[in-house]
Number of protein chains: 2
Amino acid sequence: MITELAAMLKDRFGIVFNNPDLLAEAFTQASYVNEHQDQKLKFYERVEFLGDAVLELAVSEYLYKRYKDMPQGKLTRLRAAMVCEDSFASFARECGFPQYIRLGKGEQKARAWERDSLLCDIFESFVGALYLDQGREPVLKFVHQVIFPKLDEGRFDGVFDYKTTLQEYLQRDGDVDIDYQLIEQDGPANERSYEIAVLADGKKIGQGWGHSKKEAEQSAARQAYSQLQQSNDQ
Amino acid sequence: MITELAAMLKDRFGIVFNNPDLLAEAFTQASYVNEHQDQKLKFYERVEFLGDAVLELAVSEYLYKRYKDMPQGKLTRLRAAMVCEDSFASFARECGFPQYIRLGKGEQKARAWERDSLLCDIFESFVGALYLDQGREPVLKFVHQVIFPKLDEGRFDGVFDYKTTLQEYLQRDGDVDIDYQLIEQDGPANERSYEIAVLADGKKIGQGWGHSKKEAEQSAARQAYSQLQQSNDQ
């Protein structure tokens, strides 16, 4: 099972552990250890303790540097949405981790590998083990593949209101006139879609699409905000 | 004020910021920024957001590596005791930080520099700024000076019971007979002190001192546990 996991990690993420025991530890639940006491195995909890803090810092540093004008309150809300059981469990699923978790017989029967709490733990323990095995850089590479693209896909957009964020950003040094304009409306009534542009003092700074006007406006604001942040970086 | 702070940091910790604005940011509250709008200052909240995660990882990694046999539950309790408002506020005081915090007039009058919540924030923001300015290593050096010695001084001993910890450690591979013996009892009744040794299978493995037998036993267990961990490292 751990051999297959190692092969998958190499294929998919280019990750090869120097110490395969550490990888095994990260994917082994206490219930499995108890059933194989002759093997003196370790279970994932200690590396999970470390991985939790490694992920917290990786996400914090990324958010801090990417959103140069975002106030602390928003940074904290966004981090909380990214660093939580729900999202870590999703990441574990997207990485194909569930099938490689070593569980005792009872936990296997109970389909423990489907539980968010376990998947979240395993995502953290994997990152903790990777950090111990190879240090900071490979962890950053991994989270850049797995976590940060989800920000751009809008997975955490529910956390904050991009229209407000954009407005605060544009008006930080004075008044700016912000306007949302419907560009196109498509499809039959039950599956209509909208294309909306956002303008700052009459100049178009972003465009978005959605199944409601509200969704399209948020999408346009997000795109504009993201563009402005990027041009700010250069 | 920031100049004096910089001199103090250099004297006491050998820390010199490449970017003094970052240091100033870490010690500036929003109330001060609001009263000096012409200066376009930044306040500490964003670097505090980062510092919080930097400290969490530094402490987690240290505990993980130092206590090689400590189960996750205890690691987590110990981390929570170290990474909290109370202890960060104490560290800020011990570093002499309070007098250098830039506050608005109202906050100065309210003696905000005495508040644990503010001191905790400033301790985190200082570490966040140091991390941004100089990276990981100088932060580790700083926490090795300021935080970790407190572990050996027993400041976080309340968190866990060393007698239990030692027992769990010694008996992890089978039964070991643990015995606490009174070596010496000193002083008048109202300020008596006790010297107690701890023995494992009849061999002395530690010794401790305290104003009660209980305190002396905990101290002996802590010393024994710490010794065992160190010889385990070699």
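Treat the numbers as computed from the prediction; the structure is a model and nothing was measured.

Draft legend 1. Up close: the overall build of chain A. Broken down by element type, chain A carries 12 helices and 3 strands. Taking all 234 residues of chain A together, 50% fall into the buried category. Within chain A, contacts between residues separated by at least 24 positions form 58% of all contacts whose residues are at least 6 apart in sequence. Total accessible area computed for chain A in this model is approximately 11,400 Å², and 46% of it derives from carbon and sulfur atoms. Distance between charge centres in chain A, computed from 29 positive and 39 negative side chains, equals 3 Å.

Draft legend 2. The arrangement of the relation of the copies chain B and chain A in detail. In the superposition of chain B on chain A (RMSD 0.1 Å, axial shift 0.0 Å), the rotation amounts to 180°. A rotation of that kind, with that shift, is consistent with a two-fold axis. Comparing interface residues between copies, 100% of those in chain B also lie at the interface in chain A; the contact surface is shared.

Draft legend 3. Examining helix α9 (residues 136–146) of chain B more closely. Residues and elements named next belong to chain B. Among the residues of α9, Val139, Phe142, Val143 and Val146 are the ones counted as buried. All buried residues of α9 lie within an arc of 95° about the axis, which places them on one face of the element. Turned more than 90 degrees away from the buried face of α9 sit Glu137 and Lys141, all of them exposed. Buried residues along α9 sit in contact with α1 (2–13), α4 (45–66), α6 (85–94), α8 (116–134) and α10 (148–152).

Draft legend 4. Up close: the interface of chain B and chain A. At the junction of the two partners, chain B supplies 30 residues and chain A supplies 30 residues. Three residues stand out in chain B for area buried against chain A, namely Arg46, Phe49 and Tyr64 of chain B, and they jointly supply 35% of the buried area on that side. Going through the elements one at a time, α4, α5 (72–82) and α8 of chain B are the ones with two or more residues in the side of chain B that touches chain A. The element contributing the most residues to the side of chain B that touches chain A is α4 of chain B, with 16 residues. Of the residues assigned to the side of chain B that touches chain A, the class counts are 13 nonpolar, 3 polar and 14 charged.

Draft legend 5. Main features of the nonpolar core. Core analysis: the largest hydrophobic core is formed by 151 residues, its most contacted members being Phe142 of chain A together with Phe142 of chain B. With residues near it in sequence (within four places) discarded, Phe142 of chain A still touches Phe13, Ile15, Cys95, Phe97, Phe123, Phe126, Val127 and Leu130 of chain A.

Draft legend 6. Up close: the sheet that holds strand β1 (residues 178–186) of chain A. All names here are of chain A. In space, the 3 strands of this open sheet follow the order β1-β2-β3, with antiparallel pairing throughout. A strand with exactly one partner marks an edge of an open sheet, and here the two such strands are β1 and β3 (203–210). In this sheet, neighbouring strand axes are inclined to one another by 20° on average, regardless of whether the strands run parallel or antiparallel. In this structure, strand β2 (residues 193–200) lies alongside β3, joined through 7 bridges in antiparallel fashion. Along β3, the bridge assignment pairs Tyr194 with Gly210. Its contacts with the sheet place helix α11 (residues 162–170) against β1, β2 and β3, and it is angled at close to 140° to β1.

Draft legend 7. Structural context of the domain arrangement of chain A. Residue and element names in this part refer to chain A. Once the domains are mapped, chain A shows domain 1 (2–158) and domain 2 (161–233). Taking only C-alpha atoms into account, the centre of domain 1 sits 34 Å from that of domain 2. Of the residues lining the interface, 11 residues belong to domain 1; the matching set on domain 2 comes to 12 residues. The largest contributions to the domain 1 side of the interface with domain 2 come from Asp69, Lys74 and Asp157, which together make up 50% of the buried area. At the boundary of domain 1 and domain 2, one finds 1 salt bridge. In this structure, the salt-bridge partner of Glu168 is Lys74, at a minimum N-O distance of 2.8 Å. Our count for the contact surface shared by domain 1 and domain 2 stands at 4 residue pairs in polar contact (both at pLDDT 80 or more).

Draft legend 8. Looking closely at the packing of α4 of chain B against α5 of chain B. Residue and element names in this part refer to chain B. Relative to each other, α4 and α5 sit at 140°, their axes nearing to 10 Å. Between α4 and α5, the angle falls in the class oblique. Between α4 and α5 lies a crossing whose hand is right-handed. Residues Glu56, Val59, Ser60, Leu63 and Tyr64 of α4 lie in contact with α5, whose contacting residues are Leu75, Leu78, Arg79 and Met82. A class-by-class count of the residues in the contact of α4 with α5 yields 6 nonpolar, 1 polar and 2 charged.

Draft legend 9. A look at the sheet that holds strand β2 (residues 193–200) of chain B. Residues and elements named next belong to chain B. Spatial ordering of the open sheet is given by β1-β2-β3, a layout of 3 strands whose pairing is antiparallel. At either margin of the open sheet sits one strand with a lone partner, and together these are β1 (178–186) and β3 (203–210). Going across the sheet, the axis of each strand differs from the next one's by a mean of 20°, ignoring polarity. Here β1 runs beside β2; their pairing, made up of 8 bridges, is antiparallel. Opposite Glu184, over in β2, you have Glu195 as the bridge partner. Its contacts with the sheet put helix α11 (residues 162–170) on β1, β2 and β3, and the angle it makes with β1 is roughly 145°.

Draft legend 10. Geometry of the side chain of Gln29 of chain B. Residues and elements named next belong to chain B. Along the chain, Gln29 falls in the loop between α2 (20–26) and α3 (30–35). Judged by relative accessible area, Gln29 falls into the buried class, the value being 11%. Apart from residues lying up to four places away in sequence, Gln29 is in contact with Phe43, Tyr44, Arg102, Leu103, Glu107, Arg115 and Leu118.

Draft legend 11. How the structure looks around the UniProt feature "binding site: Mg(2+)" (unreviewed entry) in chain A. Residue and element names in this part refer to chain A. Mapped onto the present numbering, the UniProt feature "binding site: Mg(2+)" (unreviewed entry) falls on Glu48, Asp121 and Glu124. Taking the farthest pair of C-alpha atoms as the criterion, the annotated set spanning 77 residues converges on one region, since that pair is 6.2 Å apart. Owing to a relative accessible area of 18%, Asp121 belongs among the buried residues under this scheme. Reaching out from Asp121, the side chain makes a polar contact with the side chain of Tyr44 at a distance of 2.9 Å. Judged by its relative accessible area of 8%, Glu124 is buried. Apart from residues no more than four positions distant in its own chain, Glu124 is found in contact with Val47, Glu48, Gly51, Asp52, Leu55 and Phe88.

Draft legend 12. Quick look at the side chain of Glu25 of chain B. Among the secondary structure elements, Glu25 of chain B is positioned in helix α2. For the buried Glu25 of chain B, no salt bridge exists, and the shortest N-O distance to an oppositely charged side chain is 4.6 Å, to Lys42 of chain B. Those residues in contact with Glu25 of chain B that lie beyond four places of it in its chain are Tyr64 of chain A together with Lys42, Phe43, Tyr44 and Val47 of chain B.

What counts and what doesn't
Residues numbered from 1 in each chain as written. Chains lettered and ligands numbered in written order. Predicted model: local features only at pLDDT ≥ 70, side-chain atom pairs only at ≥ 80, totals over all residues. Heavy atoms only, no water. Helix = DSSP H or I, 4+ residues; strand = E, 2+ residues; numbered from the N terminus. Buried < 20%, exposed > 50% of the residue type's maximum accessible area, 1.4 Å probe, protein only. Contact = heavy atoms within 4.5 Å. Areas by Shrake-Rupley, 256 points an atom, 1.4 Å probe, with all protein chains shown as cover. Lys, Arg positive; Asp, Glu negative; His and termini not counted. Charge placed at Lys NZ, Arg CZ, Asp CG, Glu CD. Least-squares fit on C-alpha atoms with pLDDT ≥ 70 in both. Arc of directions from axis to C-beta. Buried area = accessible area lost by both parts, 1.4 Å probe. Nonpolar A, V, L, I, M, F, W, Y, C, P; charged D, E, K, R; others polar. Core = buried A, V, L, I, M, F, W, Y, C linked by side-chain atoms within 4.5 Å. Pairing = 2+ DSSP bridges. Axes fitted to C-alpha atoms, helices over the stretch in contact; angles between N-to-C directions. Domains from an automatic or database assignment. Salt bridge = Lys/Arg side-chain N within 4 Å of Asp/Glu carboxyl O. Polar contact = N/O pair within 3.5 Å; in protein donor to acceptor, adjacent residues only side chain to side chain. Parallel < 35°, antiparallel > 145°, perpendicular 65-115°, else oblique. Left-handed = near helix turned anticlockwise from the far one by under 90°. UniProt positions renumbered as here; feature names shortened; annotations may be inferred.

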